[in-house]
Amino acid sequence: MSQEHIGTIVSIVPSPIWIIVNMIICHSPSQYVDGIRGPILVNDPLSPYAGQIDGELVVTLSDWYHEQGASLQVYYLSLPGNPNALEPIPMSALMNDQLWPTFSVLPNKTYFVRVLNIAGYAQFYFHIDGHNMTIIQADGVYTDPQQVQDLYLATGQRYGVLLHTLPTANQNYAILGAMDIAGFPRSAPPPANPNVTGVLVYDPFLSIPSTPVVQQFSTFDDFCLNPFDKIPLLYPPNKEIVLNLSTFSQTVPLNEQNRGGFNNITYITQRVPSLYTALSGGLYALNPIVYGNHSNPFVLSLGDFVETTIYNYDTGLHPIHTHGHTVQLVARTGSECNYRSIPMRRDTWMEPRWNSSDPNHPSTVVRFIADNPGIWFFHCHMEWHLVAGMDIILVEDPLQIQTGQPDIPLSMKLICLEQGIPLMGNAAGNWINFLDLTGEVNVAPMECGSDYPPC
Ligand SMILES: [Cu+2]
């Protein structure tokens, strides 16, 4: 890839946030698992906890494969080659992209620890021997203090916790990041190294602790967290979106693929990016058909109170992530904190697993206000599921997008031109008759890795 995209990120969201940087996202999205990922830390001088913090630590948890993401994606999506749609299992857990990282601390201090799961596939438990933690932030949303023993982080989730160190420096302590291997396919071989250990160093001249054995992690239901700002439950919703999450097959001869999606629609990249369709569509931008059926678009009006219910028709784990919003965590099957008057908000939440013998499908319910015009990706945060099409787009107030962002940055135009991606038109690239979808992409192209041009 010879082009670069120069942009400016303006964030009013307090830390930690993170982004995935993909240089050639259309053809090799799985570069994410190759390591093109990392945290962006946003310091917040107005943090309600600012006066309590003596220092900061950043901990990333991730999974590492010994093959490149593009090859693994080809394997995963191939129905003939992978008939049971088994996700590639990572080889190793990493903490701050290494094994045995050290974190120096002083006794009797309070540290703000930002913990991020930037793995492509694995969920993680997080544990610090001999210490409790106090959650004060989830996905950038401040919470009331909630003391916990351990954390559970789905892919894409971030926590900010306060760690109060012990009064004396007579021992160093292990920090454990442990993959939730119960979430992996049962018939797949387990990871070679599912645990990674770091060290909370009180005194570098004292011994390094060994990897701890935790019989049972003690975690906290994030639907039971309390948002610091006490924003009440949005009521009543005037826009309902129901999404049935499932996996299925594309049975096109010689192009049979394992796919996933919502409402039996698998997301497929269209000829024209949806943002360009919205920008060039005039009033047609309000009509969902112009984005293409396989963009799985939902058009929202400014100010809509949106309720989204996601039913899990698959037996696997699915951490759902939305761009553009933090959503109110209204209900989750099995939670004791459903339909509270002041629900927690965050941008990534875990779907409950479905037991295939259960006629009822578990679900989550979230709400948000459509107050942020844009084309927002809403998807499972596991990279393999994302590339299999477990995604929709929220087309939020498209006429305001046209007003607020009337043009595309030059560097982005050059990237598209080099790849033959049109800058205007409906999903199929038609711009004279915006309602003519002849040519929209209804079949997921054969995956063939990172070769360019695509096969
Ligand atoms: Cu998923």
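Criteria and cut-off values
- Residues numbered from 1 in each chain as written.
- Predicted model: local features only at pLDDT ≥ 70, side-chain atom pairs only at ≥ 80, totals over all residues.
- Heavy atoms only, no water.
- Core = buried A, V, L, I, M, F, W, Y, C linked by side-chain atoms within 4.5 Å.
- Buried < 20%, exposed > 50% of the residue type's maximum accessible area, 1.4 Å probe, protein only.
- Domains from an automatic or database assignment.
- Contact = heavy atoms within 4.5 Å.
- Helix = DSSP H or I, 4+ residues; strand = E, 2+ residues; numbered from the N terminus.
- Arc of directions from axis to C-beta.
- Phe/Tyr/Trp six-rings, centres within 6.5 Å; stacked < 30°, edge-to-face > 60°.
- Donors = N, O, S within 2.8 Å, 3.2 Å for Na, K, Ca; no water.
- Pairing = 2+ DSSP bridges.
- Axes fitted to C-alpha atoms, helices over the stretch in contact; angles between N-to-C directions.

Attention shifts here to the nonpolar core. Core analysis: the largest hydrophobic core is formed by 71 residues, its most contacted members being Phe126, Leu151, Leu200 and Trp349. Looking at which domains feed residues into this core, each of domain 1 (17-220) and domain 2 (239-419) gives three or more. Look past the residues within four positions of Leu200 in its chain and what remains in contact with it is Leu57, Phe103, Val105, Ile128, His131, Leu163, Asn172, Tyr173 and Ile175. The next biggest cluster of nonpolar side chains, apart from the first, holds 17 residues, and it includes Ile375, Ile393, Ile401 and Ile408.

Before going further, it helps to examine helix H2 (residues 69-77). For H2, the complete set of buried residues consists of Gly69, Ala70, Leu72, Gln73, Tyr76 and Leu77. Viewed end-on, H2 has its buried residues packed into an arc of 160°, placing them on one side of the element. As for H2, its buried residues are in contact with helix H1 (31-34), strand E15 (255-262) and helix H4 (383-387).

Given two aromatic rings, their pairing is described by the distance between the two centres and the angle made by the two planes. The full count for this structure, using the stated rule, is 10 aromatic pairs. Note on Tyr125 and Phe217: the rings are 4.4 Å apart at their centroids and 5° apart in plane angle, and the pair reads as stacked. Here Phe217 lies in the loop between strand E13 (195-201) and strand E14 (239-252) and Tyr125 lies in strand E7 (residues 124-128), a separation of 92 residues in the sequence. Seen in terms of ring centroids, Trp349 and Phe378 are 6.0 Å apart; in terms of plane orientation they differ by 70°. Their pairing is edge-to-face.

The copper ion binds to the protein through His318 (ND1), Cys380 (SG) and His385 (ND1); the donor distances cover 2.0 to 2.1 Å. One chain supplies every donor for the copper ion, spaced along it as H-x61-C-x4-H. In this pair, His318 sits in strand E18 (residues 318-322) while Cys380 sits in strand E23 (residues 374-380), placing the two residues 62 residues apart along the sequence. The burial state of His318 is the same as that of Cys380; both residues are buried.

With that out of the way, let us pick up the sheet that holds strand E6 (residues 110-117). One open sheet holds the 6 strands; their spatial order is E4-E3-E6-E11-E8-E9, and the pairing between them is mixed. The open sheet terminates on both sides in strands that have one partner only, identified here as strand E4 (92-95) and strand E9 (141-148). Shown here is a sheet whose adjacent strand axes are inclined to one another by a mean of 25°, direction ignored. One ladder, built from 5 bridges, connects strand E8 (residues 133-138) with E9; its direction is antiparallel. Residue pairing for E9: Met133 is matched across the bridge by Val148.

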